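Structural features, examined
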Amino acid sequence: MHVPDGFINAPVSAATAVVAAGAIAVSLRGARRELGSERAAPLAGLVAAFVFAVQMLNFPVAGGTSGHLLGGALAAILVGPYTGVLCVSVVLLMQAILFADGGLTALGVNITCMAIVTTVVAYVLFRGLVKVLPRTRRSVTAASFVAALVSVPASAIAFTLIYAIGGTADVSIGRVATAMVGVHLLIGLGEAVITALTVGAVLAVRPDLVYGARGLEQRLKLRVNGELVDAPDTGPVPVPAAARSRRTVWIAGLMTSLVLAGFVSFYASADPDGLERVAADHGIAERAEEHAAADSPLADYGVKDVEGARLSGGLAGVIGVGLTVVAGTGVFWVVRRRRSGETSDAAPPVNKPSDPDTDTAPPANKHAGADTDV
Amino acid sequence: MGSGHVHRLYRHAHSPVHALPPHTKLAAVLAFVVVVVSTPREAMWAFGAYAVLLGLVAYAARVPAGFLLGRLLIEVPFVAFAVLMPFVAEGERVEVLGLSLSVNGLWGAWNVLAKGTLGVAASVLLAATTELRELLLGLQRLRLPPLLVQIASFMIRYGDVITDEMRRMRIARESRGFEARGLRHWGVLAKSAGALFIRSYERGERVHLAMLSRGYAGSMPVIDEVTVSRAQWSYALALPSAALVVCVLGWVL
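Conventions used here
Residues numbered from 1 in each chain as written. Chains lettered and ligands numbered in written order. Predicted model: local features only at pLDDT ≥ 70, side-chain atom pairs only at ≥ 80, totals over all residues. Heavy atoms only, no water. Helix = DSSP H or I, 4+ residues; strand = E, 2+ residues; numbered from the N terminus. Buried < 20%, exposed > 50% of the residue type's maximum accessible area, 1.4 Å probe, protein only. Contact = heavy atoms within 4.5 Å. Areas by Shrake-Rupley, 256 points an atom, 1.4 Å probe, with all protein chains shown as cover. Lys, Arg positive; Asp, Glu negative; His and termini not counted. Charge placed at Lys NZ, Arg CZ, Asp CG, Glu CD. pLDDT = per-residue confidence, 0-100. Pairing = 2+ DSSP bridges. Buried area = accessible area lost by both parts, 1.4 Å probe. Salt bridge = Lys/Arg side-chain N within 4 Å of Asp/Glu carboxyl O. Polar contact = N/O pair within 3.5 Å; in protein donor to acceptor, adjacent residues only side chain to side chain. Nonpolar A, V, L, I, M, F, W, Y, C, P; charged D, E, K, R; others polar. Core = buried A, V, L, I, M, F, W, Y, C linked by side-chain atoms within 4.5 Å.

**Details of the overall build of chain B**
Check the secondary structure of chain B and you find 11 helices and two strands. Helices and strands appear in chain B in the N-to-C order α-α-α-α-α-β-β-α-α-α-α-α-α. If one aligns the C-alpha atoms of chain B with their principal axes, the spans along those axes are about 65 × 60 × 30 Å. Sorting the 253 residues of chain B into buried and exposed places 47% on the buried side. For chain B, contacts bridging at least 24 residues in sequence account for 74% of all contacts bridging at least 6. Within the structure as shown, chain B displays about 13,000 Å² of accessible surface, and the carbon and sulfur contribution to it stands at 64%. Side-chain charges in chain B split into 25 positive and 16 negative, and the spacing between the mean points of these groups amounts to 7 Å.

Next comes the structure, spelled out in structure tokens:
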């Protein structure tokens, strides 16, 4: 659903436009790295065309209704987060200019919610899960399911936050939050199923094309005198250990904060608060339809009034972490850019002592090499 | 460009608005929408004035009213939302035809409806009078990053190709007796989406190679450099300037 003009006031629209422009500038550089500087334009363009087309692919639900893919999580997993942000942003830009779908002044809001938040949340979750789960294709599919499932309500929460700051209508935040998150949990469920199935389908045919599954390929084994030995490594030289250890620390910290923000706050907000009360005393009328539309899945996710408020609290924490990570990474990246001008390729000695994981499997090296020269 | 590269919102004609350089039109529409959004919602007459201004532009561009009104239908989902707003908003209530409505909600609904409709109408006018290729050139001249413009132009150029590919896959599915009726068929559709992704990506690789063999080195050549006269700028910016006057009056009065 695209936000039209006049829904968010002018200053906040301008602020989100600045956020969107910054994120796109970062993604333009990132996409050059993900795809190769020359290949970036045609490949990202074709992937954007794919996202545009796949949004028209209707998935019938039941009784004549159907849904379609939003594509943020899918793009992030298939082609990488930077290219994903770019592709979805370009699709939104063209929809606003060509098809008048979504307002021109609301473009910043639309890009922030639908391109940046979905893609970043989905990719961070996906990466974390792939790190934790066993290194198989099935876990890639499972990780993309979870990533897509969370990314859609995350986008709804981001919209609610923007609305809370600069909304022009006088509807209480609690109502907007419950309605948005409730509906988008359902949409997210569909998105998750479709994304996981699609990623699985691509993995089965061209696993090398799935950006999120890089580093999962098995080492080539040779049978020498009846014994299996590793084939001599002909791939690129492994990156220095410093990069890897920093990466491990980074992932661990991220997972910890996500767990804290998402699950601990879930229990912390168990006491009834304002949001919960609002949800309780208004929610009957609008939610009745939702309950009718959804049979079993809703029960699992507990989008009853109380649970919805708690879950949204937890999700809001996750989003907060996501946004902080984005901001922090941006600063870190700028600083590193600066510094790398002076010390071109010497690994910082500070990280040397902390590399106890030198025995990580070689594919991880390859993967880290593809990913850590951020 | 040839007739094959015209998008479905474009309406071919020869009018002063069609003849304007694309980036002046883009700048004008953007400025106009910004002005509309920053108008106070209490100044109802101002929105009427904006509508009249857009009507004048549509008349100058020879865009029929029926065409314009038909394109406004894209807004319908938000109209539904706006209709709900008076019922759920906070604040003091008034009785209208036996219904208890929130005053703030009514204002909010009016705000979203008026500004949203004007924004959509302005975008529709822009799209109706500017060709695709021109729009992209206009974006480039407005200093959008070249890579972004290239991605957008590839998306536009191959959007129809990929959509057609998807259509052919649907026809292939249906000619084999497949009909998607419910959740059980999502697997097949998702496999189609996966295949579509692989085909798109591989097409991108082939396109890149074809471009390399024609001397592509990271940037597209600009073959039609347009110089814009001051008269054209002032003609294009007449719309947002008039809107700005209305907006200032709306704040003052």
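**With respect to the confidence of the model for chain A**
All names here are of chain A. Across chain A, the average pLDDT comes to 71, with 59% of residues at or above 70. Mean pLDDT across the secondary structure elements of chain A bottoms out at helix α11 (residues 296-301), with 37, and peaks at helix α5 (residues 107-132), with 91. Between residues 238-244, whose pLDDT stays under 50, and residues either more than four places distant or in other chains, the model counts 14 contacts. Here residues 266-308 is modelled with pLDDT under 50, and outside its nearest four sequence neighbours on either side it reaches 43 contacts, counting other chains as well.

**Overview of the pairing of strand β3 (residues 221-224) of chain A**
All names here are of chain A. As defined by bridge partners, β3 adjoins strand β4 (residues 227-230) across four bridges and the pair is classed as antiparallel. Across the sheet, residue L222 finds its bridge partner in β4, namely V229. The antiparallel pairing of β3 with β4 creates a hairpin that spans two residues between the two strands, and N225 there sits at a positive phi of about 55°.

**Observations regarding the interface of chain A and chain B**
Opposite the 67 residues of chain A that make contact, chain B presents 76 residues. Between chain A and chain B, a total of about 6,300 Å² is buried, with carbon and sulfur atoms accounting for 80% of that surface. If you look at where chain A meets chain B, you find one salt bridge. Put simply, A:R206 and B:E202 hold a salt bridge, and the shortest N to O gap is 2.3 Å. At the surface where chain A touches chain B, the tally comes to two residue pairs in polar contact (both at pLDDT 80 or more). Elements with a minimum of two residues in the side of chain A that touches chain B: α1 (10-35), α2 (40-54), β1 (58-62), α3 (72-79), α4 (81-98) and α7 (173-205) of chain A. Here the side of chain A that touches chain B gets 14 residues from one element, more than from any other, and that element is α2(A). In terms of residue class, the side of chain A that touches chain B is built from 49 nonpolar, nine polar and nine charged.

**A word on the nonpolar core**
Core analysis: the biggest nonpolar cluster contains 161 residues, and A:M94, B:Y50 and B:F197 have the highest contact counts within it. If you tally residues by element for this core, the top one is α5(A), at 17 residues. Residue contacts for B:F197: discarding those within four places in its chain leaves A:V47, A:F50, A:L78, A:V79, A:V202 and A:L209.

**So, the pattern of salt bridges**
Throughout the structure, instances matching the rule amount to seven salt bridges over all chains. Measuring nitrogen to oxygen at the nearest pair gives 3.1 Å for the salt bridge that ties A:D208 to A:R206. Because the salt bridges share partners, they merge into one network encompassing A:R206, A:D208 and B:E202.

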